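Structural description and commentary
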Amino acid sequence: MFYNWFASNPKRFGKVRKGALITIKDLARTAGVSVTTVSRALNGYNDVSEETRRKIKRVAEELNYRPNVIARSLVTKKSRTIGVILSEINRAGAKDALAYETLCGINDRTSELDYDILLFSTNPKKQLSKSYADLCKERNVAGAIISGLRVHDQYLHEVTHDTNFPCVLIDIPSAGTNLGHVTTDNVQGAGIAVRHLLELGHRNIAMINGHNDAAVSRERLKGYHQELEKSGIAFRPEFVYNGNFSEEGGCEAMHQILLNQPEVTAVFSASDLMVLGALRAVERSGGRVPETISIVGFDDIAIASYCSPRLTTIRQDKYEMGYQSAQLLIDMLEGRNINRKIVLNTELIVRESVMPNIKPSRNS
């Protein structure tokens, strides 16, 4: 092999210890060119002849040369690393796996385009101790993808008002020359869920929402409200309960619905994870889903097709959301003139948690 030939000629080329890290100087010395020529050849400059470029690449392959990414970024003034900032990652939300699916989409697209990712976990307390701009500068990332922020979080204020650092926000409406936005059509998805229940004869439909600081909660509530109005059914605020996007919160919200709103025959939940808790509340009350009450969820998490009953839900493609977020940010970093807002469609998945209403309704 070329490596053995190179290593056996220490006087001419300098001795290379087997297993040692090959530097750009070793590569230049072996190829018989300057360090500058090697650097410009590997970074795609057109002032290096094709013959020389091929020679350098051949030598690099033989020596198993791997570029120092940090050193390259210092020379080119460009980083090929993207920060991924996820808010409040915890074990309590492990059943939904939405953050994992989004991260897989981001990772696959960045890898395909020869970028790396750095993962950061944040919360409101961390955001006060280290600014978004400082976090990105310290880790030398070219831009960031942020998911899970609340509408009043410090980082959201920074990216929209205080910095020009490139950023793509997932599920958070944004505006600014440095910003991109990728989301699901949450208004449409909520409307589809409510319409499905209406078509099955339900008129007293409650909602288990997330929390007031989530942009998606506001949008899904809007979709719920609008679809009722389209059918001539008055919106009743007392039919809406927050479940904080948690299983425990969904359980408590459903308990309150069963206790205080006995006329309700169906529930739209803004997340499948809250439905898991809602199912438990119905069971504890002596009822059954869908015989006692019908439920439609949102997300189509993996467990939705395995729980009992299997959940009717609104599917959103979190993997695609991550994939498109990475593509959008890289387009922004590389100066392409593209649409900065991407909205993905939803799909109704009909399973077993809904049945036609057979109870009389005061709205009918």
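Residues numbered from 1 in each chain as written. Predicted model: local features only at pLDDT ≥ 70, side-chain atom pairs only at ≥ 80, totals over all residues. Heavy atoms only, no water.

1. Quick word on the overall build of the chain
To be explicit about the condition: We count a stretch as a helix when DSSP gives it H or I for four or more residues in a row; a strand needs E for two or more, and each element gets its number in order from the N terminus. Note on exposure labels: buried denotes an accessible area under 20% of the residue type's maximum, exposed denotes more than 50%, and partly exposed covers the range between, all computed with a 1.4 Å probe on protein chains only. What makes two residues a contact is simply this: any of their non-hydrogen atoms within 4.5 Å. We get accessible surface area from the Shrake-Rupley algorithm with a probe of 1.4 Å; when it comes to residues, only the shown protein chains can shield them.
On a plain count of helices and strands, the chain comes out with 15 helices and 12 strands. In the chain, which comprises 364 residues, the share counted as buried stands at 48%. A separation of at least 24 residues holds for 71% of the contacts in the chain among residues at least 6 apart in sequence. A total accessible area of about 18,500 Å² is found for the chain, and carbon and sulfur atoms account for 50% of it.

2. A look at the packing of aromatic side chains
Worth spelling out the cut-off: Any two rings among Phe, Tyr and Trp, with Trp reduced to its six-membered ring, count as a pair given centres within 6.5 Å; such a pair is stacked if its planes are under 30 degrees apart, edge-to-face if over 60, and tilted if neither. Both a distance and an angle decide whether a charge sits over a ring: NZ of Lys or CZ of Arg must be within 6 Å of the ring centre and within 35 degrees of the ring normal.
This model, assessed by the stated rule, comprises 3 aromatic pairs. The interplanar angle of 80° and the centroid separation of 6.1 Å between the aromatic rings of Tyr-224 and Phe-235 together place this pair among those described as edge-to-face. Note that Tyr-224 is positioned in helix α12 (residues 215–230) and Phe-235 in the loop between α12 and β7 (240–242), a separation of 11 residues in sequence. Note that Arg-80 overlies the ring of Tyr-115, its terminal NZ or CZ placed 4.1 Å from the centroid. Above the face of the Phe-298 ring, Arg-220 is positioned so that its terminal group lies 3.8 Å from the ring centre.

3. Some words on the packing of helix α7 (residues 98–112) against helix α15 (residues 318–333)
Which entries qualify depends on this criterion: Inter-axis angles, ranging from 0 to 180 degrees, are taken between N-to-C directions of lines fitted to C-alpha atoms, where helices are fitted over the stretch in contact. Angles are sorted into four bins: roughly parallel if under 35 degrees, roughly antiparallel if over 145, roughly perpendicular if 65 to 115, and oblique for all others. It is the rotation of the near helix from the far one that decides the hand of a crossing: anticlockwise by less than a right angle makes it left-handed, clockwise makes it right-handed. Only Asp, Glu, Lys and Arg are considered charged in this grouping, and only Ala, Val, Leu, Ile, Met, Phe, Trp, Tyr, Cys and Pro are considered nonpolar; every other residue, Gly among them, is considered polar.
Running from N to C, α7 and α15 cross one another at 40°; their axes reach a closest spacing of 7 Å. Accordingly, the angle class assigned to the pair α7 and α15 is oblique. Both α7 and α15 take part in a crossing whose hand is right-handed. Each of Leu-98, Glu-101, Thr-102, Cys-104, Gly-105, Ile-106, Asp-108, Arg-109, Thr-110 and Glu-112 in α7 lies in contact with α15, whose residues at this interface are Lys-318, Tyr-319, Gly-322, Tyr-323, Ala-326, Gln-327 and Ile-330. When the residues that make up the contact of α7 with α15 are grouped by side-chain class, the tally is 7 nonpolar, 5 polar and 5 charged.

4. Details of the pairing of strand β9 (residues 294–299)
For the record, the criterion: By definition, two strands form a pair when at least two bridges between them are found by DSSP. Handedness rule for crossovers: strands pointing away from the viewer, path from the first strand over the helix to the second running clockwise, crossover right-handed.
With respect to burial, β9 is a largely interior element, 6 of its 6 residues being buried. As defined by bridge partners, strand β8 (residues 266–269) adjoins β9 across 3 bridges and the pair is classed as parallel. Counted as the bridge partner of Ala-266 is Ser-294 from β9. Handedness of the β-α-β unit built from β8, helix α14 (residues 272–284) and β9 comes out right-handed. Relative to strand β10 (residues 312–315), β9 runs parallel, the two sharing 4 bridges. Residue pairing for β10: Val-296 is matched across the bridge by Thr-312.

5. As for the confidence of the model for the chain
Short version of the rule: Confidence of the predictor in every single residue is expressed as pLDDT, which spans 0 to 100.
Per-residue pLDDT for the chain averages 86, and the proportion of residues at 70 or more is 87%. For the stretch residues 1–19, pLDDT sits under 50, and the model shows 23 contacts to residues farther than four places along the chain or on other chains.

6. Let's talk about the sheet that holds strand β5 (residues 179–184)
Here 6 strands make up an open sheet; going across it, the order is β2-β1-β3-β4-β5-β11 and the pairing parallel. Pairing within the sheet leaves two strands with one partner each, and these edge strands are β2 (116–122) and β11 (341–344). When strand polarity is set aside, the average angle formed by the axes of neighbouring strands in this sheet is 15°. The pairing of strand β4 (residues 167–170) with β5 spans 4 bridges and is parallel. Its bridge partner lying in β5, Val-168 is registered against Gly-180. Running at roughly 155° to β2, α7 makes contact with β1 (81–87), β2, β3 (143–147) and β4 of the sheet. On the sheet, α15 packs against β1, β3, β4, β5 and β11 and is oriented at approximately 165° with respect to β5.

7. Considering the side chain of Asn-204
In plain terms, the rule: Nitrogen and oxygen atoms within 3.5 Å of one another constitute a polar contact, given that in protein one can donate a hydrogen and the other can accept it, and given that sequence-neighbouring residues count only through two side-chain atoms.
Looking at the secondary structure, you find Asn-204 in the loop between α11 (186–199) and β6 (205–209). When its relative accessible area of 2% is taken as the criterion, Asn-204 is described as buried. Looking at Asn-204, its side chain comes within polar contact range of the main-chain oxygen of Glu-263, at 3.4 Å.

8. Quick word on unusual backbone geometry
A cis amide bond links Val-289 to the next residue, Pro-290, at an omega of 10°. Structurally, Pro-290 can be placed in the loop between α14 and β9. Following Ser-308, the chain continues into Pro-309 via a peptide bond in cis, with omega recorded as 0°. Inspection of the secondary structure puts Pro-309 in the loop between β9 and β10. Phi at Asn-244 takes a positive value of approximately 60°, unusual for a residue other than glycine. For Asn-244, the location among the structural elements is in the loop between β7 and α13 (247–260). In the Ramachandran plot, Asp-299 falls in the positive-phi region, its phi being about 125° despite a non-glycine side chain. Looking at the element boundaries, Asp-299 is found in strand β9.

9. What about the environment of Gln-154?
Topologically, Gln-154 is positioned in helix α10 (residues 154–162). Between the C-alpha atoms of Gln-154 and Gln-127, which are 27 residues apart in sequence, the distance is 6.1 Å.

10. Describing the pairing of β11
In β11, alternate side chains face the same way, and those of Ile-342 and Leu-344 are buried while those of Lys-341 and Val-343 on the opposite face are not. Two strands pair when backbone bridges link them, and β5 and β11 are joined in this way by 4 bridges, in the parallel orientation. Its bridge partner lying in β11, His-181 is registered against Lys-341.

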